[in-house]
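Structural features, examined
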Amino acid sequence: MVQKWLKHILLIIGVFLLIFISINIQKPFWQSPTYHETILNFQKDQDIFPYKIRTIWWNKSIILISLIERTIDLIWTDNFFYLPLICLFLLIKKRRWINLGLIIIGLILISIENDPNPGKYFFWLIPLFIAGIIK
Amino acid sequence: MNKFTIILLIVGIFLRLYRVDSIPPHLSNDEISIAYDAYSIANSGKDEHGNIFPLSFPSYGTYKAPLYIYILAPLELLFGNTELVVRLPSIIAGLLTILVIGLITFELTSNRQIAIWSSVLLSITPWHIYASRMAWEGNLALFFLSLGIWLMIRKRTVLSSITLVISMYGYHSEWLLVPLIVFIGGITFLKKDKWKFWILSFLIALPLIIDYFLNAGAGARAKTEPIWAIPGITPFGILATFIRNYLNCFNPKILFLNGLNIVNKNNPFMPGLLLWPTIIPLIIGFQKTKNRLFRIWLLISPIAAALTQGDFGLIRNLNTVIPLVILTAIGLNKMNKIWWSLTLITLFNFSLIYFYHFPKELGETFQGYRPIAYYLKTIDNEATDIYVDYRYGNYHLRHGKEYSGIPYLYLAFFQKWDPLITQTRITTDKETYFGKYIIKQVDWNQDIIRPNRFFLVSIGNPPPDHIKSKLQEMATFTDSSGKMAFQVWKGK
């Protein structure tokens, strides 16, 4: 019973921390001049798609692709001895999909920041992880 | 087999064959060294350095495995020195691997549909298409490895032993992987014959092992490649590097988003090694598969690649593609039409980038020496000597990149030099002499310009204005993107 309550409380804290992370985003990466330079550069030199659909759909999809790549970078590189990766694997093993989904949302929010600070924000996801491993 | 699978299979085969001689636009460093060593072996029985029928080819310091070269040598004798011939063994190996993966899957799952799907999926996998269109030793070795595994499952002790060990002669990654497969496979599939299988495999691999210990160069390279050869590395550092490399082999970003280096690095449209929608059936297949062997195969495949230095290697880790594709095929029957539509769009996207943008965007990075070799052949009688600058790229004019090439191999291969010329080369501090050809950094202020002396330089090293009056521009050559790449000048 206590564990069930603890689990719920941690989950609620975790959700609030996610909101807090999103409020704290100072500058999304898609607003940075370097990002725009990269996009403009390759569009100027190369007609990456010989069709007009590029300007309508692909420019927006670049943000999505970049966001996914940045999130994977956070998970898959050796940050804190692969702590995020280990946490995610444990949650997959235990089939705690809600906690897993919320942690991934947290990681996406962290990677939206142009200069992400995983050292600070990773630990804000711990309540969600603990809530996931409590029986 | 329904119409849809047949069409997909045809598309996969088409993607392997369409303009294979011109995309990638020119032979790469590894391809040309294989091509020339095969030519040299076919015509003189020696490699470019004069070694008689070696088991390890020093090449330009890369120590190539022998299998591809010995298969290619008779083909070049029969069909000549062209890009298509050089890539032919890899193309055929790639096509046969499509068949073999289906056979393996059928043996292990007894499910005809999954077997067909695995063949179809491999045929449309960008990673395998890319590898099959280049003269890559790893792709040839992959075919023999897969064939050996199939024969091993069929309990053909002698044949599987021969084929598996042949793959070790095909590429260096197999040196570690094959012994592991031979050991595990012997216990799993050839219970009664396992000792025969192990001893036979060892005996067939013996020449390679002896050569490794006797051949100082090959041994030295093999000793500098592993992660424990990194200067000053601690045991903990070795472990950390291994874990990082190993996990990198399964990095979803590389596998599904941007692992295939066919456009510039910062280009967000870089495709992944596998079509990204296949991540869903792969996860399902990994969870659902009842046969542990697929998982074990997947987990041991990148070990060799993870033990070597450097970033993720497309070719070093190519062996992983087989278990990845089989697991994806297992999870495929859960997929609906939306998934298939997404997969086909992604395949179209890959094809567009590969066939249209790849030659244009990376045109500068290729050593387009083939047309130059043909041109220089026509002025051979006129020239007293020909200075060839080994640097290329537009580094001077537009502050672009400077690349270091191996032009002598292209010239030797396409002009069909007598192998004796490369075998008896003279090397000094700054130049290497191949008969009339002198490979060096052309320095317009130092080098003496005299009549009938030719200079082949990249667009990055044009003669300064005050020297141009002593020279006559003979020819210009563009790269695959249409930009100016090389110039030939002649002394007046």
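Residues numbered from 1 in each chain as written. Chains lettered and ligands numbered in written order. Predicted model: local features only at pLDDT ≥ 70, side-chain atom pairs only at ≥ 80, totals over all residues. Heavy atoms only, no water.

**Section: the overall build of chain B**
Summing up its helical and strand segments, chain B has 22 helices and nine strands in all. Against the compact-globule benchmark of 23 Å for 492 residues, chain B has a radius of gyration of 24 Å, which places it among compact chains. Taking the principal axes of the C-alpha coordinates as reference, chain B spans close to 75 × 55 × 50 Å. Taking as baseline every contact in chain B between residues at least 6 positions apart, the subset at least 24 positions apart corresponds to 69%. Within the structure as shown, chain B displays about 20,700 Å² of accessible surface, and the carbon and sulfur contribution to it stands at 62%. (Helix = DSSP H or I, 4+ residues; strand = E, 2+ residues; numbered from the N terminus. Rg over C-alpha atoms; globule rule 2.2 N^0.38 Å. Contact = heavy atoms within 4.5 Å. Areas by Shrake-Rupley, 256 points an atom, 1.4 Å probe, with all protein chains shown as cover.)

**Observations regarding the environment of Pro89(B)**
Residues and elements named next belong to chain B. Along the chain, Pro89 falls in helix H4 (residues 83–109). Residue Pro89 is classed as buried on the basis of its relative accessible area, which comes to 5%. As for Pro89 and Trp136, which are separated by 47 residues in sequence, their C-alpha atoms are 9.1 Å apart. (Buried < 20%, exposed > 50% of the residue type's maximum accessible area, 1.4 Å probe, protein only.)

**Remarks on the side chain of Asp479(B)**
Residue and element names in this part refer to chain B. Checked against the element boundaries, Asp479 lands in the loop between strand E8 (471–478) and strand E9 (484–491). Of the side chains bearing the opposite charge, Lys483 lies closest to the buried Asp479, which forms no salt bridge; the N-O distance is 6.4 Å. A polar side-chain atom of Asp479 sits 2.6 Å from a polar atom in the side chain of Ser481. In this structure, Asp479 is in contact with Gly363, Glu364 and Ala485, ignoring residues within four places of it in sequence. (Lys, Arg positive; Asp, Glu negative; His and termini not counted. Salt bridge = Lys/Arg side-chain N within 4 Å of Asp/Glu carboxyl O. Polar contact = N/O pair within 3.5 Å; in protein donor to acceptor, adjacent residues only side chain to side chain.)

**Looking at the interface of chain A and chain B**
Contacts between the two partners involve 23 residues from chain A and, on the opposite side, 22 residues from chain B. At the boundary of chain A with chain B, total buried surface from both sides reaches about 2,100 Å², with 70% on carbon and sulfur atoms. There are one salt bridge connecting chain A and chain B. Note that Asp73(A) is salt-bridged to Lys253(B), the shortest N-O span being 2.8 Å. Where chain A meets chain B, there are three residue pairs in polar contact (both at pLDDT 80 or more). Secondary-structure elements contributing two or more residues to the side of chain A that touches chain B are helix H2 (33–45) and helix H3 (53–76) of chain A. Sort the elements by how many residues they give to the side of chain A that touches chain B and H3(A) lands first, with nine residues. (Buried area = accessible area lost by both parts, 1.4 Å probe.)

**A short note on the pairing of strand E7 (residues 453–458) of chain B**
All names here are of chain B. Burial within E7 is extensive, with six of its six residues counted as buried. In E7, alternate side chains face the same way, and those of Arg453, Phe455 and Val457 on one face and Phe454, Leu456 and Ser458 on the other are all buried. One ladder, built from four bridges, connects strand E1 (residues 385–389) with E7; its direction is parallel. Each bridged residue has a counterpart across the sheet, and for Val388 the counterpart in E7 is Leu456. Where E7 and E9 come together, five bridges link them in antiparallel fashion. When the bridges of E9 are listed, Leu456 appears paired with Val488. (Pairing = 2+ DSSP bridges.)

**Some remarks on the pattern of salt bridges**
Pairs can form between side chains of opposite charge once their charged atoms are near each other. Residues and elements named next belong to chain B. Tallying each qualifying case throughout the model produces 12 salt bridges over all chains. Its salt-bridge partner being Arg425, residue Glu48 comes within 2.4 Å of it at the nearest N-O pair. In this pair, Glu48 sits in the loop between helix H2 (29–44) and helix H3 (67–79) while Arg425 sits in the loop between helix H21 (419–423) and strand E4 (426–427), placing the two residues 377 residues apart along the sequence. The exposure class assigned to Glu48 is buried, which follows from its relative accessible area of 0%. We note a salt bridge from Glu382 to Lys490, for which the minimum N-O separation is 2.6 Å. Of the two residues, Glu382 is situated in the loop between helix H19 (370–378) and E1 and Lys490 in strand E9; the sequence distance between them amounts to 108 residues. On the basis of relative accessible area, Lys490 is assigned to the buried category, the value being 13%.

**As for the environment of Thr71(A)**
All names here are of chain A. If you trace the backbone, Thr71 turns up in helix H3. Given the relative accessible area of 6%, Thr71 is considered buried. Distance from Thr71 to Ile39, taken between C-alpha atoms, is 19 Å for residues 32 residues apart in sequence. Those residues in contact with Thr71, other than ones at most four positions away along the chain, are Leu107, Ile108 and Ser111. In terms of polar contacts, Thr71 uses its side chain to reach the side chain of Ser111, at 3.0 Å.

**So, the nonpolar core**
Residues and elements named next belong to chain B. By size, the foremost hydrophobic cluster in this structure holds 174 residues, and its most contacted members are Trp127 and Leu376. For this core, the element with the highest residue contribution is helix H7 (residues 137–153), accounting for 11 residues. The residues touching Trp127, leaving out its near neighbours within four places in the chain, are Leu255, Leu260, Leu273, Leu274, Phe312, Leu314, Asn317, Leu318, Thr320, Val321 and Leu324. Within the second largest apolar cluster, nine residues are counted, among which are Ile438, Trp444, Val457 and Ile467. (Core = buried A, V, L, I, M, F, W, Y, C linked by side-chain atoms within 4.5 Å.)

**Here's the deal with the confidence of the model for chain A**
For chain A, the mean per-residue pLDDT works out to 82, and 84% of the residues sit at or above 70. Taking the mean pLDDT of every element in chain A, the minimum, 70, falls on H2(A) and the maximum, 92, on helix H5 (residues 97–112) of chain A. (pLDDT = per-residue confidence, 0-100.)

**Details of a nonpolar patch on the surface**
Residues and elements named next belong to chain A. Taken together, the side chains of Phe80, Leu83, Ile86, Leu90, Phe123, Ile126, Ile130 and Ile133 define a hydrophobic patch exposed on the protein surface, amounting to about 610 Å² of accessible area. When contributions to the nonpolar patch are tallied by element, the ones reaching two or more residues are helix H4 (83–93) and helix H7 (126–133). Mapping Ile130 onto the fold places it in helix H7. (Patch = residues over 30% accessible without salt bridge, like charges linked within 9 Å, V, L, I, M, F, W, Y side chains within 5 Å.)

**Focus on the sheet that holds E1(B)**
Adjacent strands of a sheet pair through backbone hydrogen bonds, lying either parallel or antiparallel. Residues and elements named next belong to chain B. Judged by pairing direction, the sheet is mixed, and its seven strands sit side by side in the order E4-E5-E6-E1-E7-E9-E8 without closing on themselves. Both edges of this open sheet fall to E4 and E8, since each of them pairs with a single strand only. Contacting E1, strand E6 (437–440), E7, E8 and E9, H19 crosses the sheet at an angle of about 145 degrees to E8. (Axes fitted to C-alpha atoms, helices over the stretch in contact; angles between N-to-C directions.)

**What about the environment of Ser22(B)?**
Residues and elements named next belong to chain B. Locating Ser22 in the fold gives a position in the loop between helix H1 (3–17) and H2. The partly exposed category is assigned to Ser22, whose relative accessible area is 26%. Residues Ser22 and Leu362, spaced 340 residues apart in sequence, show a C-alpha to C-alpha distance of 13 Å.

**Re the packing of aromatic side chains**
Here a ring pair, both rings aromatic, is described through the centre-centre distance and the interplanar angle of the planes. Residue and element names in this part refer to chain B. Summed over the entire model, instances satisfying the criterion amount to 36 aromatic pairs over all chains. With 5.7 Å between their ring centres and 40 degrees between their planes, Tyr36 and Tyr39 make a pair best called tilted. Remark: Tyr39 and Tyr36 occur in helix H2; sequence separation between them is three residues, near one turn of the helix. Here Tyr36 matches Tyr39 in class, with each residue buried. Ring-pair connections join several aromatic residues into one group, and the members of that group are Phe14, Tyr18, Tyr130, Trp136, Phe350, Tyr354, Phe355, Phe358 and Phe366. Sitting above the plane of the Phe286 ring, Arg295 keeps its charged end 5.3 Å from the centroid. (Phe/Tyr/Trp six-rings, centres within 6.5 Å; stacked < 30°, edge-to-face > 60°. Lys NZ or Arg CZ within 6 Å of the ring centre and 35° of its normal.)

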